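Here are the chains, one letter per residue:
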Amino acid sequence: MPSQEIYRHLHRFPDDFVWGVATSAFQIEGAATEDGKGPSIWDTFCRQPGAIADGSNGDVACEHVKRWEQDLDLIADLGVDAYRFSMSWPRVRPGGSGVWNEKGMDFYERLVDGLLARGIKPYLTLNHWDLPEELQQQGGWANRDTTHRFVEYAQGVSRRLGDRLASITTHNEPWVIAVLGHETGIFAPGIKHRATAMQATHHLLLSHGMALQAMRAEGHATRLGIVLNLSPMHAATDTAEDLEKTRLEDGRLLRWYMDPLFTGSYPEDVLAHLGADAPQVSPGDMATIATPMDFLGVNYYSRSVISAAGPWDVHSSGREITDMGWEVYPEGLTELLVRMHQDYSVPPMYVTENGGAFKDQLQDGRVHDTQRRDYIARHIAAVADAMQQGVHMEGYMVWSLLDNFEWASGYEKRFGIVHVDYETQARTLKDSALWYRDFLRHQKALRQTPRPGPIGKASSQHNAVAVVSTGA
Ligand code: FCB
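Numbering of residues starts from 1 in every chain and runs along the sequence as written. A pLDDT threshold of at least 70 governs which residues receive local features in this predicted model, and a stricter bar of 80 or more applies before side-chain atom pairs are shown or counted, although totals over entire chains, interfaces and linings include all residues. In computing side-chain properties, one takes all heavy atoms of the structure into account and sets aside hydrogens as well as water.

Visitor: Can you lay out the pairing of strand β7 (residues 295-299) for me, pointing to particular residues and giving the numbers?
Guide: Burial analysis of β7 places 5 of its 5 residues in the buried class, the great majority of the element. The two faces of β7 match: Phe295, Gly297 and Asn299 on one face and Leu296 and Val298 on the other face are all buried. DSSP calls a pair of strands paired once it identifies at least 2 bridges connecting them. A run of H or I in DSSP counts as a helix once it spans at least four residues, and a run of E counts as a strand once it spans at least two, with each numbered from the N terminus. As paired strands, β7 and strand β9 (residues 349-353) are joined by 4 bridges and run parallel to one another. Residue pairing across strands places Leu296 opposite Met349, the latter belonging to β9. Burial classes: relative accessible area under 20% of the type maximum marks a residue as buried, over 50% as exposed, and values in between as partly exposed (1.4 Å probe, protein chains only).

So, in structure tokens, the structure goes:
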């Protein structure tokens, strides 16, 4: 189907809605030991035999540190409003404490200025998982001291770049760091101990609140928030066992983060379930965690279906499955956003990540990634549906700009709307990127035209109506 038709029915989003693309430092930068960068826990983890599916690491990745200007031109060419990226903590402060690395900070300064020169808003994440290895040697996120190191880092970055950043996110997906990094151990630092994971999660949340307060004191206009990975949880059947397990999983993934951030307490049912593995909380911690923020980022990929009997067979729903083995379930995004809006007093939300891994083929300079294109179009429509139901959304960002190092899957899984040839580092816009560019041009053209009917600013949220025909 010609790309035109995919957005034919996709109505107008608010004029100030922020469209973006996202990446993270470890996944694209490379230059792992250059210009004074220290090792991160992911550098260490990649060297453990069997940790990464293809035995790869982040040493070279997309050579973004070398090719950043070309990459910024690419981003500008897409016509997005914003670029969400992360800073490598050990690139700017190699040991996580002590001396700062000017060369590392200079890199991000050039990047931020380069974005601004191209009219793109910089959305920076402080912690997208690559903790300095030296801090891990002292216990990492399980050690309460790390919260203070994180505050110093946040403050240093805010002092240096706060006047130019549109937004600063403290942590990306604390659930992943805590559970995949410290409980199942399939991600760095590779620990398998539930009590450690829960202590880490508490310190991540605590350091988020502490950092918000410290950065606010710097007085910049930068908007501050956190990014969570969330999914609606559906029970496989209506049996009491499935329903009970579903409630617990929802507690561990969503309420464990949303309750403390927005109501100042951990959910009772999850605390009871954790028993002796529940984290140690000091007086005042919960109030700090609940420090008000300016926005909430939601990363959405799929729903979760929970069965008490064991892992649910993702093929049983008959839906399309991505190369990660994740079900394509766009209406889950609407359901999730509406629920967040109903259950919590949330600040304006962004979808800070959304996208799909598919088996791409580069042929004659083209990648016909129809599945990814449709995935993105359908999820944008799902965001519009949520907005129509009154949810305050401020932006949407595609994961990811580039094919990159997909953590434990290495380079085998491709999420980019831009193809990367890892031999030559050549970048090629896939059809999904061409579609997104067209879609954004269309949205921007609409911005130039008067709104039909009496739709003022106040009701503009409700003007984003979408019915997307994807031709799937
Ligand atoms: C998210 C991560 C991001 C990327 C996507 C596929 O959990 O934040 O770095 O790996 O998944």
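Visitor: Got a sec to walk through the site of the ligand? Specific residues and values, please.
Guide: Residues are classed as near a molecule or strand on a simple rule: at least one heavy atom within 4 Å of it. The immediate surroundings of the ligand are formed by Gln27, His128, Trp129, Asn172, Glu173, Tyr301, Glu353, Trp399, Glu406, Trp407 and Phe415. One nitrogen or oxygen atom from the side chain of Asn172 is found 2.9 Å from an oxygen atom belonging to the ligand. The protein chains shown are the only cover counted for residues, whose accessible areas, like all others here, come from Shrake-Rupley with a 1.4 Å probe. In isolation the ligand exposes 300 Å². Once the protein is present, 94% of that is buried. Lining residues are defined by having an atom within 4 Å of a point belonging to a cavity or pocket. Those points lie on a 1 Å grid over the protein atoms alone, cavities being sets where a 1.4 Å probe fits but cannot get out and pockets being open sets with protein on both sides within 12 Å along at least five of seven lines. Grid points define the cavity or pocket, and a molecule sits in it when more than half of its atoms lie within 2 Å of them. Comparing atom positions with the cavity grids shows the ligand to sit within the largest pocket. Definition of a polar contact: a pair of N or O atoms within 3.5 Å, with one able to donate and the other able to accept a hydrogen when the atoms are protein atoms, and with sequence-neighbouring residues admitted only if both atoms are side-chain atoms.

Visitor: Mind laying out the pairing of strand β12 (residues 393-399), listing which residues take part and the relevant values?
Guide: Counting buried positions along β12 gives 7 out of 7 residues, so the element sits mostly inside the fold. One ladder, built from 5 bridges, connects strand β1 (residues 18-22) with β12; its direction is parallel. Counterpart to Val21 in the pairing with β12 is Val398. Pairing geometry for β9 and β12, over 3 bridges, is parallel. Following the sheet pairing, Tyr350 is matched in β12 by Gly395.

Visitor: Help me get a handle on the state of the cysteines, residues and values and all.
Guide: Working definition: a disulfide is two cysteine sulfur atoms within 2.5 Å of each other. Scanning all chains against the criterion turns up 0 disulfides. Free cysteine Cys46: the closest other cysteine sulfur is in Cys62, separated by 14 Å. Owing to a relative accessible area of 8%, Cys46 belongs among the buried residues under this scheme. Residue Cys62 is classed as buried on the basis of its relative accessible area, which comes to 0%.

Visitor: Go over the packing of aromatic side chains with me, naming the residues and quoting the values.
Guide: Think of it this way: a Phe, Tyr or Trp ring, Trp meaning its six-membered ring, pairs with another when their centres are within 6.5 Å, and the plane angle makes it stacked under 30 degrees, edge-to-face over 60, tilted otherwise. Tallied over the full model, the rule gives 33 aromatic pairs. Here Trp19 and Phe439 contribute two aromatic rings whose centre-to-centre distance is 5.0 Å and whose plane-to-plane angle is 85 degrees, an arrangement assigned as edge-to-face. Highlighted residues: Trp19 in strand β1 and Phe439 in helix α16 (residues 431-448), separated in sequence by 420 residues. Residue Trp19 shares its accessibility class with Phe439, and that shared class is buried.

Visitor: Outline the pattern of salt bridges, listing residues and values.
Guide: Criterion for a salt bridge: a side-chain nitrogen of Lys or Arg within 4 Å of a carboxyl oxygen of Asp or Glu. Inspection of every chain in the model, using the stated rule, returns 43 salt bridges. Between Glu63 and Lys66 there is a salt bridge, with its nearest N and O atoms 3.8 Å apart. The exposure class of Glu63 is buried, given its relative accessible area of 19%. Take Lys66: its relative accessible area is 64%, and that puts it in the exposed class.

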